[in-house]
Amino acid sequence: MAEKASELVVNGVRKAFDAPGGRLEVLQGVDLRLEPGQAVAVTGPSGSGKSTLLYVIGTLEPPNEGTVQLNGQDPFELSEAERARFRNRHIGFVFQDHHLLPQCTVLENVLIPLLAGKGAGADDEARARQLLDRVGLGDRLSHRPAQLSGGERQRVAVCRALINQPTLVLADEPTGNLDRRNAEAIGTLLLELGREHNTMLICVTHSSELAERFPRRYQLRDGKLWNGAVQRSEKTEQKA
Ligand code: ADP
Ligand code: MG
């Protein structure tokens, strides 16, 4: 049965890699359900599979077992080309390194996700300007990434993730390369913009300070998501 629209349902996801030392069982049964406007933080030790989880949810890597449904669609049932369109339409990514194109201006960088689809129209450009204004970069539209600070570059990356009005934003250690003040500002922006645009947000982070600002928190450990446990507490934690 199709899930209701505008929802993320991750069910029993398993993902393993064949590595030189043998088979690596990274995700061993991950369940997660998100509705519009909900934000979750995922913490966990390095190598625990946080990026792998975002790749599977972000439709970039198929699971070995289990399903992902976004807005009533299992993206892994689509052809590769259809899946790329689906991803571009429904999902926005923010990475640790901004991945901005150095030769493009701030405004052009934000508009890039639209070029894969119908192209950027006047409305889109107006929305890009509005978003950049919203994050305090209204007077940096013609700057190139090299002419921005690290925090400013990451704010551009956040705007780029939102330009297609995605239902789901996936952020992989978005504040990992920033100093504390800028990290805090990016965290605030992600949470505020998620609420304003009613998007679902999954944010992977090393920072327990950032994680604690999220209404829902999970830790990825032993291939599974555990509730609430930023600081490990055997008494209170339970599987998600
Ligand atoms: P995290 O983001 O939590 O640090 P990752 O999801 O990047 O962890 O990786 C989880 C584990 O899977 C690591 O041990 C990593 O080396 C391994 N891994 C990730 N991608 C691949 C791959 N394509 N092939 C083989 N092993 C991989
Ligand atoms: Mg990672």
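J.: Before we go on, may I ask you to explain unusual backbone geometry in this structure?
T.: A negative phi holds for most residues other than glycine; trans holds for most peptide bonds. Even without glycine at this site, His-99 takes up a positive phi of about 55°. Summarising the element assignment, His-99 is placed in the loop between strand 5 (91-94) and helix 3 (106-115). Even without being a glycine, Asn-198 presents a positive backbone phi close to 55°. One can find Asn-198 in the loop between helix 6 (180-197) and strand 7 (200-204).

J.: Is there a simple way to explain the sheet that holds strand 7 in this structure?
T.: For sheets, the rule is that strands pair by backbone hydrogen bonds, running either parallel or antiparallel. Read from one edge of the open sheet, 6 strands run 5-6-7-3-8-9, paired in mixed fashion. Both edges of this open sheet fall to strand 5 and strand 9 (224-227), since each of them pairs with a single strand only. Going from strand to strand, the sheet's axes swing by 20° on average, the running direction of each strand aside. Here strand 5 pairs with strand 6 (residues 168-172) via 4 bridges, running parallel. The residue of strand 6 that forms the bridge with Ile-91 is Leu-168. Across the sheet, helix 1 (residues 50-57) is in contact with strand 3 (39-43), strand 5, strand 6, strand 7, strand 8 (216-221) and strand 9; its angle to strand 6 comes to roughly 155°.

J.: Would you mind showing me how to read the sheet that holds strand 4 (residues 65-70) here?
T.: If you trace the 3 strands from one edge of the open sheet to the other, you get 2-1-4, paired in antiparallel fashion. One side of each edge strand has no neighbouring strand; the edge strands of this open sheet are strand 2 (22-34) and strand 4. Taken pair by pair, the neighbouring strands of this sheet meet at an average axis angle of 25°, ignoring direction. The sheet contact formed by strand 1 (residues 8-19) and strand 2 spans 10 bridges and is antiparallel. Note on strand 2: the bridge partner recorded for Val-10 is Leu-32.

J.: Looking at this structure, how should I read the pairing of strand 3?
T.: Each regular strand shows side chains that alternate between the opposite faces of the sheet. Of all 5 residues making up strand 3, 5 are buried, and the element is well covered by its neighbours. Burial along strand 3 is two-sided: Ala-39, Ala-41 and Thr-43 and Val-40 and Val-42, pointing in opposite directions, are all buried. Pairing of strand 3 with strand 8 involves 4 bridges; the strand directions are parallel. Across the sheet, residue Val-42 finds its bridge partner in strand 8, namely Tyr-218.

J.: What am I meant to see in helix 1 here?
T.: For an α-helix the count is 3.6 residues per turn, leaving residues at separations of three or four pointing the same way. With respect to burial, helix 1 is a largely interior element, 6 of its 8 residues being buried. All of the buried residues in helix 1 are Lys-50, Thr-52, Leu-53, Leu-54, Val-56 and Ile-57.

J.: What should I look at first to understand the site of ligand 1 in this one?
T.: If you check the shell around ligand 1, you find Phe-17, Leu-24, Val-26, Pro-45, Ser-46, Gly-47, Ser-48, Gly-49, Lys-50, Ser-51 and Thr-52 and nothing else. Between ligand 1 and Ser-48, the relevant distance is 3.2 Å, taken from an oxygen atom to a main-chain nitrogen or oxygen of the residue. Side-chain polar atom of Thr-52 to an oxygen atom of ligand 1: 2.6 Å apart, as the coordinates give it. Mapped by element, the contributors of at least two residues to the shell around ligand 1 are strand 2 and helix 1. For the shell around ligand 1, the element with the highest residue contribution is helix 1, accounting for 3 residues. Counted by class, the shell around ligand 1 contains 4 nonpolar, 6 polar and 1 charged residues.

Conventions adopted
- Residues numbered from 1 in each chain as written.
- Chains lettered and ligands numbered in written order.
- Predicted model: local features only at pLDDT ≥ 70, side-chain atom pairs only at ≥ 80, totals over all residues.
- Heavy atoms only, no water.
- Helix = DSSP H or I, 4+ residues; strand = E, 2+ residues; numbered from the N terminus.
- Pairing = 2+ DSSP bridges.
- Axes fitted to C-alpha atoms, helices over the stretch in contact; angles between N-to-C directions.
- Contact = heavy atoms within 4.5 Å.
- Buried < 20%, exposed > 50% of the residue type's maximum accessible area, 1.4 Å probe, protein only.
- Near = heavy atom within 4 Å.
- Polar contact = N/O pair within 3.5 Å; in protein donor to acceptor, adjacent residues only side chain to side chain.
- Nonpolar A, V, L, I, M, F, W, Y, C, P; charged D, E, K, R; others polar.

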